[in-house]
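Okay, here's what each chain looks like letter by letter:
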Amino acid sequence: LAKTTQPISMDSYEGQEVNITCSHNNIATNDYITWYQQFPSQGPRFIIQGYKTKVTNEVASLFIPADRKSSTLSLPRVSLSDTAVYYCLVVNTGTASKLTFGTGTRLQVTL
Amino acid sequence: DTAVSQTPKYLVTQMGNDKSIKCEQNLGHDTMYWYKQDSKKFLKIMFSYNNKELIINETVPNRFSPKSPDKAHLNLHINSLELGDSAVYFCASSQLVAGGGTDTQYFGPGTRLTVL
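Everything numeric in this text was worked out from a predicted model, so none of it was measured.

**Q** How would you explain the environment of Asp67(A) if you had to name every residue and give the values?
**A** All names here are of chain A. Summarising the element assignment, Asp67 is placed in the loop between β6 (61-64) and β7 (70-75). Residue class for Asp67 comes out partly exposed when judged on its relative accessible area of 46%. Placed 14 residues apart in sequence, Asp67 and Thr53 show a C-alpha to C-alpha distance of 9.8 Å.

If you want it as structure tokens, here you go:
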């Protein structure tokens, strides 16, 4: 399984763009890069998933370079409610995805 | 409508007791999971069932026994509870995406188990 490395914590002010980078040097051909968000006392919630280049949805953007050894989750104009732990996962295609969560990045947004 | 629900939300019990946590999903998914999140916030998969059949079984003590009466339910029974079993247990479900990509997992609210 591809191991991921991401910063333990980040701080941001409300209204700023936040970029969280994740490294996954031994990502395999069939692996997808997936990000989950977890608020305190809640289960993780899917944010975005991508294979290469750029993916954007209503919540975030995901930038993946050509070598796919890293990825960057971009949260535009964060608010206080974006304070959470963000997990970067490398997930293999298959009948059931065995999600391997790392330590995640704890994002703290303040006024 | 709650997509993935778990009961109870909190469970406090003595060492040595046997307890069960129930999980139900109304998303029509074929696959369900149990995860354990310990005090250090590491989230690890324990089991996965697809259409009532066990497909993922990580290195978990055999005191933990999942049971899936139908594909909408996956219950977790724990025998002879130990102090180290204290954690938050999350149930999740997913549906395989055809044509590539991976399935998105939907998590329940968690059950905080405290063993005294």
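**Q** Please provide a residue-by-residue account of the interface of chain B and chain A, values included.
**A** Contacts between the two partners involve 24 residues from chain B, matched on the other side by 24 residues from chain A. Carbon and sulfur atoms supply 54% of the area that chain B and chain A bury against each other, a total of about 1,800 Å² over both sides. At the boundary of chain B with chain A, the tally comes to three residue pairs in polar contact (both at pLDDT 80 or more). For the side of chain B that touches chain A, the secondary-structure elements that each account for two or more residues are β4 (31-37), β5 (43-50) and β6 (53-57) of chain B. Broken down by element, the side of chain B that touches chain A gets its largest block of residues, four residues, from β4(B). Residues of the side of chain B that touches chain A, tallied by class, amount to 11 nonpolar, nine polar and four charged.

**Q** Could you give me a rundown of a positive patch on the surface, with the residues and numbers involved?
**A** Positive charge collects at one region of the surface, where Arg106(A), Lys9(B), Lys41(B) and Arg112(B) lie side by side. Tracing the backbone through its elements, the reader meets Arg106(A) in strand β9 (residues 105-110). Judged by relative accessible area, Arg106(A) falls into the partly exposed class, the value being 44%.

Rules used in this analysis
Residues numbered from 1 in each chain as written. Chains lettered and ligands numbered in written order. Predicted model: local features only at pLDDT ≥ 70, side-chain atom pairs only at ≥ 80, totals over all residues. Heavy atoms only, no water. Helix = DSSP H or I, 4+ residues; strand = E, 2+ residues; numbered from the N terminus. Buried < 20%, exposed > 50% of the residue type's maximum accessible area, 1.4 Å probe, protein only. Contact = heavy atoms within 4.5 Å. Buried area = accessible area lost by both parts, 1.4 Å probe. Polar contact = N/O pair within 3.5 Å; in protein donor to acceptor, adjacent residues only side chain to side chain. Nonpolar A, V, L, I, M, F, W, Y, C, P; charged D, E, K, R; others polar. Patch = residues over 30% accessible without salt bridge, like charges linked within 9 Å, V, L, I, M, F, W, Y side chains within 5 Å. Areas by Shrake-Rupley, 256 points an atom, 1.4 Å probe, with all protein chains shown as cover. Salt bridge = Lys/Arg side-chain N within 4 Å of Asp/Glu carboxyl O. Lys, Arg positive; Asp, Glu negative; His and termini not counted. Charge placed at Lys NZ, Arg CZ, Asp CG, Glu CD.

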